[in-house]
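Okay, here's what each chain looks like letter by letter:
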Amino acid sequence: MGRLLILFAGAAAIVTVGAAVPAKQADKVMTLKSVHSFASIPDQQQRSLALFQEASKVITHARCMNCHPAGDRPAQGDDRHPHMPLVVRGVDNFGAIGMRCTTCHGPKNFDPAGVPGHPEWHLAPVEMAWVGKSLGEICEQIKDPARNGGKSMEELVHHMAEDSLVGWGWHPGKGREPAPGTQKEFGELIKAWVDSGAVCPAT
């Protein structure tokens, strides 16, 4: 009996520590500089570049990169490890037949099980893959309608600033680090980047 109590206490301690780590991670918040903080850069091209580099804190964050894989398998977690269980994008990016994204992912986060959710949970199309690319390559891709879902620059700004699935990145649920800043701040940076010429870093 005494041995069972010791084992139970040890297991409880492991669970407690395991629960504390995600909670601590969730408290970590990274910020974004405001658009106004770039107003002092006189050269428009350099200002545009600086704006995109600030916005890239979001674009290259795990909350975005996990759903923009180069292959058929998404990643998960702040360390961007392969999705477990094994799932694939399927022909429409909503998962394979019999294992759709919505099989596990509901319309909202389910924190007791640590499962994120959104009504339109799915992978970005493979032509919109960002993993394994330089920031300059991602930037050029974002501007290309053939590789950004057919969006104009105006539609791109709306997507970044208003789309609720993009917005999930700032409300990812317990145990996941949110994207830097807020979606509003991110949208303002993208708009200012577009308005200043949408300059990309050298590839």
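In this text the structure is predicted, and so the values were computed from the model without any measurement. (Residues numbered from 1 in each chain as written. Predicted model: local features only at pLDDT ≥ 70, side-chain atom pairs only at ≥ 80, totals over all residues. Heavy atoms only, no water.)

A. Looking closely at the overall build of the protein chain. Secondary structure assignment for the protein chain yields seven helices and four strands. For the protein chain, the N- to C-terminal ordering of α and β elements is α-α-α-β-β-β-β-α-α-α-α. Looking at the 203 residues of the protein chain, the share that counts as buried comes to 37%. Element-wise, carbon and sulfur atoms account for 62% of the exposed surface of the protein chain, whose accessible area totals about 11,400 Å². (Helix = DSSP H or I, 4+ residues; strand = E, 2+ residues; numbered from the N terminus. Buried < 20%, exposed > 50% of the residue type's maximum accessible area, 1.4 Å probe, protein only. Areas by Shrake-Rupley, 256 points an atom, 1.4 Å probe, with all protein chains shown as cover.)

B. Representation of helix H7 (residues 183–195). An ideal rise of 1.5 Å per residue puts 18 Å on 13 residues; H7 measures up with 18 Å between its terminal C-alpha atoms. Looking at H7, one finds that the buried residues are Gln183, Phe186, Gly187, Leu189, Ile190, Ala192, Trp193 and Val194. At its buried positions, H7 is contacted by helix H2 (44–59), helix H4 (135–143), helix H5 (153–162) and helix H6 (164–167). Immediately downstream of H7, the backbone of Gly197 shows phi near 115°, a positive value. (Expected span 1.5 Å × (residues − 1). Contact = heavy atoms within 4.5 Å.)

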